Protein chains: 2
Amino acid sequence: MARPTPLSGFPEWLPAQRIAEQQLLDRLRRTFELWGFASVETRAVEPLEQMLRKGEIDKEVYVLRRLHADPSSADSDLGLHFDLTVPFARYVLENAGHLHFPFKRYQIQRCWRGERPQEGRYREFTQADVDVVGDGSLAFHHDVEVAAVMTEALGSLDLPPLTLQVNNRKLMEGFFRGVGAPDTGAVMRAVDKLDKEPPNAVRELLVGAGLSDGQADTCLALASISSADLSFVDDVRGLGVSDELLDVGLAELAAVIEGAAGIGGPRVSVVADLRIARGLDYYTGTVYETRMTEFEHIGSICSGGRYDALASDGARVFPGVGISFGVTRALAPLFSRGLISASRPSPSAVLVAVVAETSRAASDAVARSLRARGIPCEVAPAADKFGKQIRYAERRGIPYVWFPGADGTDEVKDIRPGDQGPADPTAWTPPELDLNPTVTHP
Amino acid sequence: MARPTPLSGFPEWLPAQRIAEQQLLDRLRRTFELWGFASVETRAVEPLEQMLRKGEIDKEVYVLRRLHADPSSADSDLGLHFDLTVPFARYVLENAGHLHFPFKRYQIQRCWRGERPQEGRYREFTQADVDVVGDGSLAFHHDVEVAAVMTEALGSLDLPPLTLQVNNRKLMEGFFRGVGAPDTGAVMRAVDKLDKEPPNAVRELLVGAGLSDGQADTCLALASISSADLSFVDDVRGLGVSDELLDVGLAELAAVIEGAAGIGGPRVSVVADLRIARGLDYYTGTVYETRMTEFEHIGSICSGGRYDALASDGARVFPGVGISFGVTRALAPLFSRGLISASRPSPSAVLVAVVAETSRAASDAVARSLRARGIPCEVAPAADKFGKQIRYAERRGIPYVWFPGADGTDEVKDIRPGDQGPADPTAWTPPELDLNPTVTHP
């Protein structure tokens, strides 16, 4: 075939980028498991009618058809999942009898949406989700927990500075009610437009939702409040609105900010941002979004919130709270700008040179000995001149070349400074930093 | 929605099974990387015309369509990949300028085929592939290398006893030529039917391919040869057929058997099995298949071979050799029989009890301290009576419950024998064996 070209919206990584991605995924997994979250993977497909049951018809779902399907077959339509929440809700219902609630799971998988591709939006992308789901009820402190575990996980990734923005639907709903809004949902949807529309346009929407000019200004004033500490509580109180649900929301938001602050280290700040509404999604309490500094144009890279009914089979209701990190959304722009990579594109720390094809077995034995002690290595593909074998290692960023010798006269060369000295394959170990490729920020 | 039911052919795992699968995947990755194989992941989709270019029209490919696609749009048809070889060949061509050859990669991903599901055959399944691909040429010793790395990887998995069966197309081709077959390809395809058809039926096919009764018997005699050592060479010689290509094939097969024997430990044997042909696939030298003892009915769980042209863009040809392990094919029957699981369905080694909701922060602090030292743990969801909190841990297989006390009077209880004693959250560590869930063979 002719040289193929990439498919727009289906990003793929070169080996060094993939190593960086793998190491970031390993860190996410490590943190999630340290917090007791169990891995779940779901199949890639869901019955179409279930995927669309929440009116998510705006999602550009990919529908499957078997190439040789009998047109008269009764196969129900299957689509590729567009997120990990819908499949997880289905998994919980299907396996409720085998799970222990509250059930904490993380899920790192690809999703697909047939949307128009642009930076930060792909047709195939990896998500990393954490959720806690309860049977019948789910204590509020899990809202704090998912914010904290994700903040810690994101803090381990060495991404550009991140801001986790938290708000609370009860706070908003209560406030809008206290202001006297006739339709709090319409006010919520208007406020949600603040990141796309100028405040004046949103004020018009608010007035259109039945608010007076003064009420509209009060709602806009609420949306302008943001703080990395608990000062937002006094700022809200200063607007002079009172409502019981507002009190609950304020207390919940304060608890999330207090519980997650500082956990992500210096590169992740957690702020109360009273503008965050998360539009049409079915959240009922805490909501989360995350901005990456200098990459604000790609939108939120990590979002979620509390659902009163993540899933329900009629008889039982399963409330949930979760956050979803857009791995591809965050990494693709960094890869394309060369801002993140790996120290080498190969796992090998050592290239074992081959003196002659007839003595390849001796080189294989050295490699076996190194591997037995956890040192990734490979044997040179050809018994070329040593200069050429060293260049082979150099091109792959392999830091050491091993020269097998007769009867314990082996030598190993660090090809960066060029140091070379005797070495025993059953004892020599590279410095810890050279053992595996590391994530770099060129 | 009503309680959903599983989709036939799309297996999913409960948390303990998923932990077992993850740990086996970790071991595969670990071995592949110790041998210097770099991870590659490709997108899930390929243009349909490229997937079918090798006449693989018999594969039940899933074709994609966007739900809201403009019927007049020129979007080319995309299908879900049915293996990892076709996408990898495309990746090599697309990125040849950025890769270093010979390029060693492993790839662990899902594939999809719309086939009729049965045990060992699924519509969605995970494959773990290793391949080495060269630019223009690829030395034979890589045939030994991929057999060895996969044998070592399989040996790390604690599956039922496995037999890696190796043969060589040059050996077969040369032998059939030496016998005087007018159409060696037809003979190969007939021999390939030996695992489905009785020898008499295959003899008829051979005669139909233009062989005399004697020639057919000689070919059947070749196919009956099998040995875990190099004795197969003399057995073949004993049939009195001579041919130059046969000599090359015998030497290559002997090298693979010699190079891979013993590497997988006591549970993986490597045998020369001269019946293995791998049918219609485009192999040109070494071929591999793998049987799992007592699960022979599911077919080969790990197969591959040497391609003279894994990929080609007309100007350049990229030969390759690789093996693909069917992770789902091997694990699903073991899961369904309860032959493999994990010691617990949660990563948590410790449940930190909560004395009262008002002191939840103290429990959170203990958990933070344990996590900082790499101990997976979770905090109890409610300040229930301790007996109930202990049962929460018991049901999840969490071995330790931590009771926070005032000013350094914390205690930890091993809930299996019931031992309880004082413990310091900044110093206490569970035994290594309890730290993470382990794979079990109930």
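Below: a short report on this structure. Every chain begins its residue count from 1, and numbering advances along the sequence as written. As a convention, the first chain written is A and the first ligand written is 1, with the rest following in written order. Residues qualify for local features only when their pLDDT is at least 70, as the model is predicted, and side-chain atom pairs are given and counted only at 80 or more; totals for whole chains, interfaces and linings, by contrast, use all residues. Computation of side-chain values: all heavy atoms of the structure, hydrogens and water removed.

Let us look at the overall build of chain A. The helix and strand labels rest on DSSP assignments: H or I over at least four residues marks a helix, E over at least two residues marks a strand, and numbering proceeds from the N terminus. Scanning chain A for helices and strands turns up 14 helices and 19 strands. Counting only C-alpha atoms and orienting by the principal axes, one finds that chain A spans roughly 90 × 60 × 45 Å. Residue burial is assigned from relative accessible area. The probe radius is 1.4 Å, only protein chains are included, and a residue is buried under 20% of its type maximum, exposed over 50%, and partly exposed in between. Residue burial in chain A is summarised as follows: out of 442 residues, 59% are buried. Here a residue-residue contact requires only that any non-hydrogen atoms of the pair lie within 4.5 Å. Considering only intrachain contacts with a sequence separation of at least 6, the fraction spanning at least 24 residues in chain A is 69%. Using a 1.4 Å probe, the Shrake-Rupley method yields the accessible areas, and only the shown protein chains count as cover for residues. A total accessible area of about 16900 Å² is found for chain A, and carbon and sulfur atoms account for 51% of it.

Moving on: the sheet that holds strand β14 (residues 350-352) of chain A. Residue and element names in this part refer to chain A. Following DSSP output, two strands are said to pair if at least two bridges run between them. If you trace the 5 strands from one edge of the open sheet to the other, you get β15-β14-β16-β17-β18, paired in mixed fashion. The sheet is open, and its two borders are formed by β15 (377-379) and β18 (420-422), each paired with just one other strand. Each strand axis lies, on average, 25° off the axis of its neighbour in the sheet, ignoring direction. Where strand β16 (residues 400-403) and strand β17 (residues 411-414) come together, 4 bridges link them in antiparallel fashion. Residue pairing in the sheet places V401 in a bridge with K413 of β17. To get an axis, fit a line to the C-alpha atoms, keeping to the stretch in contact for a helix; angles then go from 0 to 180 degrees between the N-to-C directions. Relative to β16, helix α13 (residues 386-396) is tilted by about 150°, and along the sheet it contacts β14, β15, β16 and β17.

Another aspect to go through is the relation of the copies chain B and chain A. Between the two copies of this chain, the relationship is a rotation about some axis together with a displacement along it. If you rotate chain B by 180° and push it 0.0 Å along the axis, it lands on chain A with an RMSD of 0.0 Å. Both copies are brought into coincidence by an operation consistent with a two-fold rotation axis. The rotation axis passes nearest to the C-alpha of B:L64 in chain B, at a distance of 2.4 Å. The residues that chain B uses at the interface reappear at the interface of chain A in 100% of cases, marking a shared surface. Least-squares superposition of the copies uses the C-alpha atoms of those residues scoring a pLDDT of at least 70 in each of them.

Residue and element names in this part refer to chain A. Following F101, the chain continues into P102 via a peptide bond in cis, with omega recorded as -5°. Looking at the element boundaries, P102 is found in the loop between α3 (85-95) and β5 (103-112). Phi at D158 is positive, roughly 55°, even though this residue is not glycine. Looking at the secondary structure, you find D158 in the loop between α4 (141-155) and β7 (162-168). On the accessibility criterion, D158 (37% relative accessible area) is partly exposed.

This part is about the side chain of A:T85. Residues and elements named next belong to chain A. Position of T85 relative to the elements: it lies in helix α3. Look at T85 and you get buried, because its relative accessible area is 16%. Setting aside its immediate chain neighbours within four residues, T85 contacts D129, Y307 and L310.

Turning to the state of the cysteines, a few remarks are in order. Here, the term disulfide refers to a pair of cysteine sulfur atoms separated by no more than 2.5 Å. Evaluated as defined, the whole model comprises 0 disulfides over all chains. Of all cysteine sulfurs, the one in A:C302 lies closest to A:C111, which takes part in no disulfide; the gap is 14 Å.

Quick look at the packing of aromatic side chains now. Here a pair means two rings of Phe, Tyr or Trp (six-membered ring of Trp) with centres within 6.5 Å. Their orientation is stacked below 30 degrees between planes, edge-to-face above 60, and tilted elsewhere. Following the criterion strictly, the structure yields 19 aromatic pairs over all chains and no others. Look at A:F386 and A:F403: their rings are 4.8 Å apart centre to centre, the planes differ by 55°, and that puts the pair in the tilted class. Taken together, the residues span a long stretch of sequence, with A:F386 in helix α13 and A:F403 in strand β16 at a distance of 17 residues. A ring pair is formed by B:F175 and B:F176, whose centres lie 6.3 Å apart and whose planes are at 80°; its orientation type is edge-to-face. Of the residues examined, B:F175 reaches a relative accessible area of 0% and is grouped as buried. Classification of B:F176 by relative accessible area gives buried; the value is 1%. Through a chain of ring-to-ring contacts, the aromatic side chains of A:Y400, A:W402 and A:W428 assemble into a single cluster.

This part covers the packing of helix α5 (residues 169-179) of chain B against helix α10 (residues 244-260) of chain B. All names here are of chain B. Between α5 and α10, whose axes approach to 7 Å, the crossing angle comes to 150°. Between α5 and α10, the angle is such that the two are roughly antiparallel. The crossing of α5 and α10 is left-handed. Of α10, the residues touching α5 (which contributes K170, L171, E173, G174, F175 and R177) are L245, L246, V248, G249, L250, E252 and L253. Side-chain classes are defined by residue name, with Ala, Val, Leu, Ile, Met, Phe, Trp, Tyr, Cys and Pro counting as nonpolar, Asp, Glu, Lys and Arg as charged, and the others, Gly among them, as polar. Here the residues of the contact of α5 with α10 sort into 7 nonpolar, 2 polar and 4 charged. We call two directions roughly parallel when the angle between them is under 35 degrees, roughly antiparallel when it is over 145, roughly perpendicular when it lies between 65 and 115, and oblique otherwise. The crossing is said to be left-handed when, going from far helix to near helix, the turn is anticlockwise and less than a right angle, and right-handed when the turn is clockwise.

This next bit is on the pattern of salt bridges. Salt bridges are identified by distance alone: a Lys or Arg side-chain nitrogen within 4 Å of an Asp or Glu carboxyl oxygen. Tallying each qualifying case throughout the model produces 59 salt bridges over all chains. The salt bridge partner of B:R29 is A:D26, with a shortest N-O separation of 2.7 Å. One end of the pair, B:R29, is in helix α1 (residues 15-34); the other, A:D26, is in helix α1 (residues 15-34), on a second chain. You can call B:R29 buried: its relative accessible area is 19%.

The subject of this paragraph is the sheet that holds strand β3 (residues 62-66) of chain B. The 6 strands lie next to each other as β2(A)-β4(A)-β3(A)-β3(B)-β4(B)-β2(B), forming an open sheet whose pairing is antiparallel. Every other strand in the sheet has two partners, leaving β2 (45-47) of chain A together with β2 (45-47) of chain B as the edge strands with one partner each. This sheet shows a mean twist of 45° between the axes of neighbouring strands, independent of strand direction. The pairing of β2(A) with strand β4 (residues 78-80) of chain A spans 3 bridges and is classified as antiparallel. Looking at β4(A), one finds that A:E46 is bridged to A:G79.

The partner chain A presents 91 residues to the 91 residues of chain B that form the contact. Interface of chain B and chain A: buried area, both sides summed, is about 8200 Å²; carbon and sulfur atoms make up 55% of it. Taken together, the connections running from chain B to chain A amount to 10 salt bridges. Where A:R90 meets B:E12, a salt bridge forms, and the shortest distance between an N and an O atom there is 2.8 Å. By convention, the term buried area covers the 1.4 Å-probe accessible surface removed from two parts as they join, with the contributions of both added.

To continue, consider the pairing of strand β9 (residues 268-273) of chain B. All names here are of chain B. For β9, a buried count of 5 out of 6 residues is recorded, marking the element as mostly surrounded by other parts of the structure. One ladder, built from 5 bridges, connects strand β7 (residues 162-168) with β9; its direction is parallel. Of the residues in β9, the one forming a bridge with L164 is V270. In the sheet, strand β8 (residues 226-227) pairs with β9 via 2 bridges, with the strands oriented antiparallel. Residue pairing for β9: S226 is matched across the bridge by D273.

Quick look at the environment of B:A393 now. With respect to the helices, strands and loops of the structure, B:A393 is situated in helix α13 (residues 386-396). Leave out the neighbours within four places in its chain, and B:A393 touches B:L351, B:I398, B:V401 and B:I415.

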